[in-house]
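Here is what each chain is made of, one letter per residue.
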Protein chains: 2
Amino acid sequence: MTYADFMQRPKRRDKAATRAALLDAARLRFARQGYDGTGVREIAGDVGVDPALVFRYFESKDRLYAEAVHTELPTGLASGRPLTDLAATLLHDVVFADWEEFDGEHPLLVMLRSSGRAAVRDRLRQEICEGYLKDFTERMGGDNPALRAELVGALLLGLGVMRSLAGTPALADAGFEETRELVTRVVAALSEEGPPAAG
Amino acid sequence: MTYADFMQRPKRRDKAATRAALLDAARLRFARQGYDGTGVREIAGDVGVDPALVFRYFESKDRLYAEAVHTELPTGLASGRPLTDLAATLLHDVVFADWEEFDGEHPLLVMLRSSGRAAVRDRLRQEICEGYLKDFTERMGGDNPALRAELVGALLLGLGVMRSLAGTPALADAGFEETRELVTRVVAALSEEGPPAAG
DNA sequence: AAATTAAGTCATCGGTCGATGACAAGAGAC
DNA sequence: GTCTCTTGTCATCGACCGATGACTTAATTT
């Protein structure tokens, strides 16, 4: 049996597997190229099936995208840990973890790349605000905790962008521990009471 | 003269003005919808001219985009000011300034929205690394200044994303001064020598 | 006022897009 | 072995895409 024969052998028919494969391919493509830069023919081509299957299984490209980037928001965060621990966990998950199903990036950063669409922007806003900032603010004491919590969120989000998108050299070289120490220092500085005359 | 007549009066022919109007419309559209989500017919329609003019004046959609998001990198940054001043300036320009020609966002954030395209990604990387991180690193003393400089950059970039894209409430309410005080505190914390046993 | 140059328009090309419905073929039931 | 349900394919639709070149019309020159 030649290689060509092997490749052209009749494929086993498996709805669930095909659907999952389409979803995987969609995640990679959407992550790399964004929503508008990705075509359903491309996704189907990656899997080796007909593009019409995308609509049979997902109804529309929009719904495919929504399902592809769907991830459950972390729930274990609200477990009474101090904010420095929380930040360290998110530093790991958002910045350093290899989300291989999303081409290496955290889903939040992936959505950033398709934020030209209002639906994506709304969802991004919601996930950031309700999924993360709420927990941050609860653990942030002192004056105007919401603003200082948002600074922590901005640092983590920004680090993700810098590392995965800009590929800045120092962050690429630095290990997790080294970065975590600095992030902890920042979070500590934001948590403590401000100096009486800072200006 | 009715309104319809007014609108349909023969337009004055002015190459420079038309070109500039196309560029302005392109900036708004690209900022809002990203590169792939914007068509040349849309841009020309905003100006009220024929789409063919886009290609006559800009040669291709790619070149139009490149020219639309082109901004000179800030040069006044390298003037011996301390890093806290630098950060405050960039906080103002990147996060709080209203870049009305880009629908309110800083061009770096606009490019983020089209970062599905490799050319945009490369340019974003270059502008961040050469335009900002270099100055940051020079002014950052102590051990591993490059990494700590990137943390400052990440904070500023992240703040821009949070404010303009996620529209987080505290940042929207907070004035520039209030935020500047906190950013200054973070930069100071990153600048000073770390604690001997940080873990 | 005629001629020349420049600005803007029009029709159109080849290609791709998301989406649809009719159809072919493999899998399991009997 | 045949029937039936499911899985996947094919052809195609209408719309839009970026891009091109011929053409019309306004402004300028002579």
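For the structure, check the block above.
Residues numbered from 1 in each chain as written. Chains lettered and ligands numbered in written order. Predicted model: local features only at pLDDT ≥ 70, side-chain atom pairs only at ≥ 80, totals over all residues. Heavy atoms only, no water.

### Things to note about the overall build of chain A
When you go through chain A residue by residue, the secondary structure sums to 11 helices and zero strands. Ordered by position in the sequence, the α and β elements of chain A form the string α-α-α-α-α-α-α-α-α-α-α. Within chain A, the proportion of its 199 residues that are buried is 45%. In chain A, the share of contacts with a sequence separation of at least 24, taken over all contacts with a separation of at least 6, comes to 66%. For chain A, the accessible area works out to roughly 9,700 Å², and carbon and sulfur atoms hold 50% of it. (Helix = DSSP H or I, 4+ residues; strand = E, 2+ residues; numbered from the N terminus. Buried < 20%, exposed > 50% of the residue type's maximum accessible area, 1.4 Å probe, protein only. Contact = heavy atoms within 4.5 Å. Areas by Shrake-Rupley, 256 points an atom, 1.4 Å probe, with all protein chains shown as cover.)

### Notes on the protein's contact with DNA strand D
Close contacts around DNA strand D come from 20 residues, with Arg13, Asp50 and Tyr57 of chain A together with Phe55 and Lys61 of chain B the closest. Here, DNA strand D places atoms within 4 Å of the protein, and 48% of those atoms are sugar or phosphate. A distance of 2.7 Å is found between a base oxygen of DNA strand D and a side-chain nitrogen or oxygen belonging to Arg56 of chain A. Counting residues per element, the ones that place at least two in the surface near DNA strand D are helix H2 (15-33) and helix H4 (52-58) of chain A together with helix H3 (40-47) and helix H4 (52-58) of chain B. Ranked by residue count, the leading element in the surface near DNA strand D is H4 of chain A, at four residues. Within the surface near DNA strand D, the residues separate by chemical class into seven nonpolar, four polar and nine charged. (Near = heavy atom within 4 Å. Polar contact = N/O pair within 3.5 Å; in protein donor to acceptor, adjacent residues only side chain to side chain. Nonpolar A, V, L, I, M, F, W, Y, C, P; charged D, E, K, R; others polar.)

### Considerations on the protein's contact with DNA strand C
Looking at DNA strand C, there are 20 residues lining it, with Phe55 and Lys61 of chain A together with Asp50, Arg56 and Tyr57 of chain B nearest. Near the protein, within 4 Å, the atoms of DNA strand C are sugar or phosphate in 51% of cases. One of the side-chain nitrogen or oxygen atoms of Lys61 of chain A is found 2.6 Å away from a phosphate oxygen of DNA strand C. A distance of 2.8 Å separates a phosphate oxygen of DNA strand C from a polar atom in the side chain of Thr18 of chain B. Listing elements by their share of the surface near DNA strand C, those giving two or more residues are helix H3 (40-47) and H4 of chain A together with helix H2 (15-33) and H4 of chain B. Tallying contributions element by element places H4 of chain B first for the surface near DNA strand C, with four residues. Tallied by class, the residues present in the surface near DNA strand C amount to seven nonpolar, four polar and nine charged.

### Overview of the interface of chain B and chain A
In this assembly, 52 residues from chain B lie in contact with 52 residues from chain A. Buried surface at the junction of chain B and chain A, both sides included, amounts to about 4,100 Å², of which 72% is carbon and sulfur. Here chain B is connected to chain A by zero salt bridges. Summed over the shared surface of chain B and chain A, the result is 16 residue pairs in polar contact (both at pLDDT 80 or more). For the side of chain B that touches chain A, the elements supplying multiple residues, two or more each, are H2, helix H8 (118-139), helix H9 (145-166), helix H10 (169-173) and helix H11 (176-191) of chain B. With 15 residues, the top contributor of residues to the side of chain B that touches chain A is H9 of chain B. The residue inventory of the side of chain B that touches chain A, partitioned by class, reads 27 nonpolar, 12 polar and 13 charged. (Buried area = accessible area lost by both parts, 1.4 Å probe. Salt bridge = Lys/Arg side-chain N within 4 Å of Asp/Glu carboxyl O.)

### What about helix H5 (residues 61-68) of chain B?
All buried positions along H5 of chain B are accounted for by Lys61, Leu64, Tyr65 and Ala68 of chain B. All buried residues of H5 of chain B lie within an arc of 100° about the axis, which places them on one face of the element. (Arc of directions from axis to C-beta.)

### Thoughts on the nonpolar core
Counting residues in each nonpolar core, the largest one holds 118 residues, and the members touching the most others are Phe136, Val152 and Leu159 of chain A together with Phe136, Val152 and Leu159 of chain B. Those residues in contact with Leu159 of chain B that lie beyond four places of it in its chain are Leu151 and Ala154 of chain A together with Leu91, Val95, Leu171 and Val183 of chain B. (Core = buried A, V, L, I, M, F, W, Y, C linked by side-chain atoms within 4.5 Å.)

### What about the relation of the copies chain B and chain A?
Placing chain B over chain A gives an RMSD of 0.1 Å and needs a rotation angle of 180°, together with 0.0 Å of translation along the axis. Accordingly, the operation relating the two chain copies is best matched by a two-fold axis. A share of 100% of interface residues in chain B that are also interface residues in chain A marks the association as one of identical surfaces. (Least-squares fit on C-alpha atoms with pLDDT ≥ 70 in both.)

### Some remarks on unusual backbone geometry
A negative phi angle characterises most non-glycine residues, just as the trans form characterises most peptide bonds. Residues other than glycine seldom take positive phi values, yet Asn144 of chain A does so here, at roughly 50°. Along the chain, Asn144 of chain A turns up in the loop between helix H8 (118-139) and helix H9 (145-166). Asn144 of chain A gets classed as partly exposed once you look at its relative accessible area, which sits at 26%. Non-glycine residue Glu59 of chain B carries a positive phi angle of around 75°. Assignment of secondary structure puts Glu59 of chain B in the loop between H4 and H5. On the accessibility criterion, Glu59 of chain B (54% relative accessible area) is exposed.

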